[in-house]
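Structural description and commentary
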2 protein chains.
Amino acid sequence: MHDRPVRHPTIKDVALVAGVSPSTVGRVIGGYGYTSAESQQRVLAAMRQLGYEPNAVARSLKSKRTRTIGYLLPRVTNPFFAQIAEGLQDVASAHGYSVILCSTDMKMERTSEFGRVLLEHRVDGIVLSLPGDDSVFKLAASFTDRGLPVVVCHGSRRIHGVDRVISDHMHGGYLAAKHLINMGHERIGVLAVKGSTTSSLILDGCRKALKDAGVDFPAQLTVEIASFSEDAGCSGARVLLMRGCDPTAIIASNDLIALGALGVLEEAGLNVPADMSVIGFDNTFAAHTRPRLTTIGISTYQAGLIAAQLLLDRIEDNYRGEAREVVLPVELVVRGSVAPPRRGS
Amino acid sequence: MHDRPVRHPTIKDVALVAGVSPSTVGRVIGGYGYTSAESQQRVLAAMRQLGYEPNAVARSLKSKRTRTIGYLLPRVTNPFFAQIAEGLQDVASAHGYSVILCSTDMKMERTSEFGRVLLEHRVDGIVLSLPGDDSVFKLAASFTDRGLPVVVCHGSRRIHGVDRVISDHMHGGYLAAKHLINMGHERIGVLAVKGSTTSSLILDGCRKALKDAGVDFPAQLTVEIASFSEDAGCSGARVLLMRGCDPTAIIASNDLIALGALGVLEEAGLNVPADMSVIGFDNTFAAHTRPRLTTIGISTYQAGLIAAQLLLDRIEDNYRGEAREVVLPVELVVRGSVAPPRRGS
DNA sequence: ATGAAAGCGCTAACAA
DNA sequence: TTGTTAGCGCTTTCAT
């Protein structure tokens, strides 16, 4: 119980036990240089006997590489980012890298604090999934200035000189609107998050689909909401219902928002999809709602994998060209929240 | 663009610019020993001028503390663990610690690999949220053997000499069953995960409530399922329906399982809660389903906070006594998936 | 109040 | 093939 930290055996201890010099031990462990079969056996035996674990800290000090990457995100509890994190981590650990989690809770102060810590820890690279306000640019600069590779994975706008993985949100918006139009809808409300690049791309997509179909899209049908949250979805849906523009369908900027809308519609005595169709976005919660949400599927896990890959390319110096941009395809996932509009409405 | 890693300024560079010795710079940064106001000013100015960031790696090598903790969990994409992670990280970062995320995907091999990496990285402590099979004991021992503090946060059984934070699952089972009994239910099916301590505690709680009420609880009403997943919930619900024991309510071992059951019931043409009541467990998805799930609320975020606190106590040597166990209270969260059983059924 | 110097554990250039 | 040595950036003891 009262076992105070046992000193870890060092390369020197191993050398002593094996009866060779520390550098020979180093060579065996590192697998470089020449070592006789005999030395190898003895070193290996000594390592096992002592339970030797190489000290990554000392190694990093020497090599100036920590085999550690930082992931800055709004909140891990949002499945969208958790899935990215999972992807990141899978690739990272397959390459012997560890991931430091930095869930910023969208607080500016915490974010820059995390930035400082990551810098001090001398991480080898950073993945960013943060909303695209100006502070992100400064943050990213604080990394790139020091030659640290950065990859943006969803969230912010393009940052000069930084690799980026995103999804084709505009096409997502297009697909959603198209689907509704095909079902016969003509008055489609959109819940868009104010200041969000993602939302404005979705809107662009919707506009294109509506224009292609020759359907009108008055400004009234777009409601600006404060955030990508269920609460914001509630308020947004209420506003939309009260505007009197009489929509027969709603496109939300993410599933959480759609969830809020679903609740409000239920309260209002409207049946989904009979009285009102709803389309979500991102496919995080869509399978779990009732009715199940028709939504736009985003390959978040995949995005995480690719982001890690791009980052490792830079870290291991396998790529040093211009900033790359990977745009992942999205897909319409049809479930049960869309139906043709009621006749005469 | 082609900015290859710029060398970080060191304490020596700062010393040179400030016109003092490296040790003086060290004293100013570390805030120990004596330094004249004048030196302080010059050092601070030099630091700012050079954009100096202390090197945590070098610091750790010297101090033998990395201010880093590891979190081993099954999957970040499970909100239950994501919430714990969030809590952990909040406390950790408030104390200047970073969290290394180790999402094991429940693969034994990956788990021990992560263990090795954490050991090599010389983390100061470890939080474990892993299922309680025998491998966890070995894993935990590999840490404690080296004097590394470990805290278990949900998941496994008690590990000798290791602090632990859990929730009162048994009482949760009791509350769930009691609630159903109060509504008039007498044949309550339980979906229990095979080999899970949590599930067996929930079962114990149910048994107690049923016994208190003098209600029979034949073995048939308990279905063993393979995992805490939606799929397992589906299969479990199907089995339960086919057994002919005619339950009027179901208690699931977590919300995800309940979700699966909800789907199966819907397919079977059964209305929830009119034809069948359902109670979830853990309150991760409950608010988002339709009907909204009545469930047992677990304070996961809180658990993360406390786990981090216990761990930091050990790390900073503020506590060195016997293993502690914190049992968090649970609560019944009433939503819309429970109603009295149909008359005559 | 400040500087010089040793050493944390490892790597790597050089010597033997 | 192996050993010796210097040094990564920082902390800290010991002199000054």
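Remember, predicted model here, so these are calculated numbers, not experimental data.

The rules behind each value
- The written sequence of each chain sets the order in which its residues are numbered from 1.
- Key to labels: chains lettered from A, ligands numbered from 1, both in the order written.
- Local features in this predicted model are restricted to residues whose pLDDT is 70 or higher, and side-chain atom pairs enter the listing and the counts only when it is 80 or higher, whereas totals over whole chains, interfaces and linings include all residues.
- The side-chain numbers reported here are obtained from all heavy atoms of the structure, hydrogens and water having been left aside.
- Here a helix means four or more residues in a row that DSSP labels H or I, a strand means two or more in a row labelled E, and each is numbered from the N terminus.
- As defined in this context, the radius of gyration uses C-alpha atoms, and a globule is described by 2.2 Å times the residue total to the power 0.38.
- In this description, contact between two residues means that some pair of their heavy atoms is separated by no more than 4.5 Å.
- Throughout, the Shrake-Rupley method with a 1.4 Å probe supplies accessible areas, and for residues the shown protein chains are the sole cover considered.
- Each residue gets one of three labels from its accessible area relative to the maximum for its type: buried under 20%, exposed over 50%, partly exposed in between, using a 1.4 Å probe on protein chains only.
- Two strands form a pair only when DSSP identifies at least two bridges running between them.
- A cutoff of 4 Å decides nearness: a residue is near a molecule or strand if any of its heavy atoms lies inside that distance of it.
- The definition of a polar contact used here is a pair of N or O atoms within 3.5 Å, where within protein one atom must be able to donate a hydrogen and the other to accept one, and adjacent residues in sequence count solely through side-chain atom pairs.
- What fixes the domain bounds is an automatic or database domain assignment.
- Buried area adds together the accessible area that both of two parts lose upon being put together, with accessible area traced by a 1.4 Å probe.
- Polar here means any residue other than Ala, Val, Leu, Ile, Met, Phe, Trp, Tyr, Cys and Pro, which are nonpolar, and Asp, Glu, Lys and Arg, which are charged; Gly is therefore polar.
- Axes here mean lines fitted to C-alpha atoms, for a helix over just the part in contact, with angles spanning 0 to 180 degrees between N-to-C directions.
- Copy-to-copy alignment: least squares on C-alpha atoms, limited to residues at pLDDT 70 or above in both.
- A pocket, in this scheme, is an open set of points on a 1 Å grid over the protein atoms alone with protein on both sides within 12 Å along at least 5 of 7 lines, while a cavity is a set where a 1.4 Å probe fits but cannot get out; residues line either one if an atom lies within 4 Å of a point.
- Grid points are joined across faces, edges and corners, and a volume is the space filled by probe spheres set on the points.
- Between the first and last residue of a helix there are one fewer steps than residues, each counted as 1.5 Å, and that sum is the expected span.

**A short note on the overall build of chain A**
- For chain A, the count of helices and strands is twelve helices and twelve strands.
- Against the compact-globule benchmark of 20 Å for 345 residues, chain A has a radius of gyration of 26 Å, which places it well outside the compact range.
- Along the first, second and third principal axes, the C-alpha set of chain A runs to 90 × 45 × 35 Å.
- Expressed as a percentage of contacts within chain A between residues at least 6 apart in sequence, the contacts between residues at least 24 apart total 72%.
- Of the accessible surface of chain A, which amounts to about 14,800 Å², a share of 53% is contributed by carbon and sulfur atoms.

**Focus on the pairing of strand β6 (residues 188–193) of chain A**
Residue and element names in this part refer to chain A.
- Buried residues dominate β6, accounting for six of its six residues.
- With burial as the criterion, each face of β6 is covered, one bearing Ile188, Val190 and Ala192 and the other bearing Gly189, Leu191 and Val193.
- Note: β6 against strand β8 (residues 249–252), four bridges, orientation parallel. The residue of β8 that forms the bridge with Leu191 is Ala252.
- Two elements, β6 and strand β7 (residues 222–225), share four bridges in a ladder whose sense is parallel.

**Description of the protein's contact with DNA strand C**
- Around DNA strand C lies a shell of 22 residues, among which Ile11 and Tyr52 of chain A together with Thr24, Arg27 and Ser39 of chain B are the nearest.
- Each atom of DNA strand C within 4 Å of the protein was classed as base or backbone; sugar and phosphate made up 60%.
- In the environment of DNA strand C, a phosphate oxygen lies 2.5 Å from a nitrogen or oxygen atom belonging to the backbone of Ile11 of chain A.
- Within the backbone of Ala58 of chain A, a nitrogen or oxygen atom sits 3.5 Å from a base nitrogen of DNA strand C.
- Listing elements by their share of the surface near DNA strand C, those giving two or more residues are α4 (56–63) of chain A together with α2 (22–30) and α4 (56–63) of chain B.

**Observations regarding the protein's contact with DNA strand D**
- The immediate surroundings of DNA strand D are formed by 22 residues, with Ser23, Thr24 and Ser39 of chain A together with Ile11 and Tyr52 of chain B found nearest.
- Restricting the count to atoms of DNA strand D within 4 Å of the protein gives a sugar and phosphate share of 59%.
- At a separation of 2.8 Å, a phosphate oxygen of DNA strand D approaches a polar backbone atom of Ser21 of chain A.
- Within the contact set of DNA strand D, a phosphate oxygen lies 2.9 Å away from a side-chain nitrogen or oxygen of Lys64 of chain A.
- Elements supplying a minimum of two residues to the surface near DNA strand D: α2 (22–30) and α4 of chain A together with α4 of chain B.

**A closer look at the domain arrangement of chain A**
Residues and elements named next belong to chain A.
- Taken domain by domain, chain A comprises domain 1 (11–63), domain 2 (68–167 + 299–328) and domain 3 (169–298).
- Computed from C-alpha coordinates alone, the two centres of domain 2 and domain 3 are separated by 29 Å.
- Domain 2 puts nine residues into the contact, and the matching count from domain 3 is seven residues.
- Roughly 760 Å² is buried in total at the junction of domain 2 and domain 3, and carbon and sulfur atoms are behind 60% of that figure.
- Counting the contacts that link domain 2 with domain 3 gives two residue pairs in polar contact (both at pLDDT 80 or more).
- Element by element, the count of residues in the side of domain 2 that touches domain 3 is highest for helix α5 (residues 79–94), at three residues.
- The residue inventory of the side of domain 2 that touches domain 3, partitioned by class, reads two nonpolar, six polar and one charged.

**Digging into the sheet that holds strand β1 (residues 68–73) of chain B**
- Ordered in space as β11(A)-β5(A)-β4(A)-β3(A)-β1(A)-β2(A)-β2(B)-β1(B)-β3(B)-β4(B)-β5(B)-β11(B), the twelve strands form an open sheet in which the pairing is mixed. Only two strands of the sheet have a single partner each, and these edge strands are β11 (325–328) of chain A together with β11 (325–328) of chain B. Between one strand axis and the next, the sheet turns by 20° as a mean value, whatever way the strands run.
- Direction of pairing for strand β5 (residues 163–167) of chain A relative to β11 of chain A: parallel, over a ladder of four bridges. Within β11 of chain A, the position partnered with Ile166 of chain A by the bridge is Val327 of chain A.
- Strands in contact with helix α6 (residues 108–120) of chain B are β2 (98–103) of chain A together with β1, β2 (98–103) and β3 (125–128) of chain B; relative to β2 of chain B, the strand with the most contacts, it is inclined by about 160°.

**Some details on the sheet that holds strand β8 (residues 249–252) of chain B**
All names here are of chain B.
- Pairing is parallel in the open sheet, where four strands are placed in the order β7-β6-β8-β9. Lying at the two open borders of the sheet, with one neighbouring strand each, are β7 (222–225) and β9 (277–279). Pairwise comparison of adjacent strand axes, ignoring direction, gives a mean angle of 20° for this sheet.
- Each of β6 (188–193), β7 and β8 touches helix α9 (residues 197–212); the most contacted strand, β6, lies at about 160° to it.
- Across the sheet, helix α10 (residues 230–242) touches β6, β7 and β8, and the angle it forms with β7 is around 150°.

**Concerning unusual backbone geometry**
- Put simply, Val272 of chain B and Pro273 of chain B share a cis peptide bond, and its omega is 10°.
- In the Ramachandran plot, Lys64 of chain A falls in the positive-phi region, its phi being about 60° despite a non-glycine side chain.
- Along the chain, the position of Lys64 of chain A falls in the loop between α4 and β1 (68–73).
- Judged by its relative accessible area of 67%, Lys64 of chain A falls in the exposed class.
- Even without being a glycine, Met106 of chain A presents a positive backbone phi close to 60°.
- Within the fold, Met106 of chain A resides in the loop between β2 and α6 (108–120).

**Considerations on the relation of the copies chain A and chain B**
- Expressed as a screw transformation, the operator carrying chain A onto chain B has a rotation angle of 180° and an axial translation of 0.0 Å, and the superposed copies differ by an RMSD of 0.1 Å. Read as a symmetry element, the transformation amounts to a two-fold axis.
- Same-surface contact between copies: 100% of interface residues of chain A are shared with the interface of chain B.

**Observations concerning empty space enclosed by the protein**
- One pass over the structure, following the stated rule, counts four cavities of 30 Å³ or more.
- Space inside the largest cavity adds up to approximately 220 Å³.
- Around the largest cavity, the lining is made up of 14 residues, and of these Thr68 and His121 of chain A together with Thr66, Thr68 and His121 of chain B lie nearest the centre.
- Elements supplying a minimum of two residues to the lining of the largest cavity: α4 of chain A together with α4 of chain B.

**Side note on helix α12 (residues 300–315) of chain B**
All names here are of chain B.
- In this model α12 runs 22 Å from its N-terminal to its C-terminal C-alpha over 16 residues, within 8% of the 22 Å that 1.5 Å per residue would give.
- In terms of burial, α12 is largely enclosed, as twelve of its 16 residues are buried.
- Every buried residue of α12 is accounted for by Thr300, Ala303, Gly304, Ile306, Ala307, Ala308, Leu310, Leu311, Leu312, Asp313, Arg314 and Ile315.
- Residues of α12 that are buried in the fold lie against β1, α5 (79–94), β3, β4 (150–153), β5 (163–167) and β11.
- Just beyond α12, the residue with positive phi is Asp317, at close to 60°.

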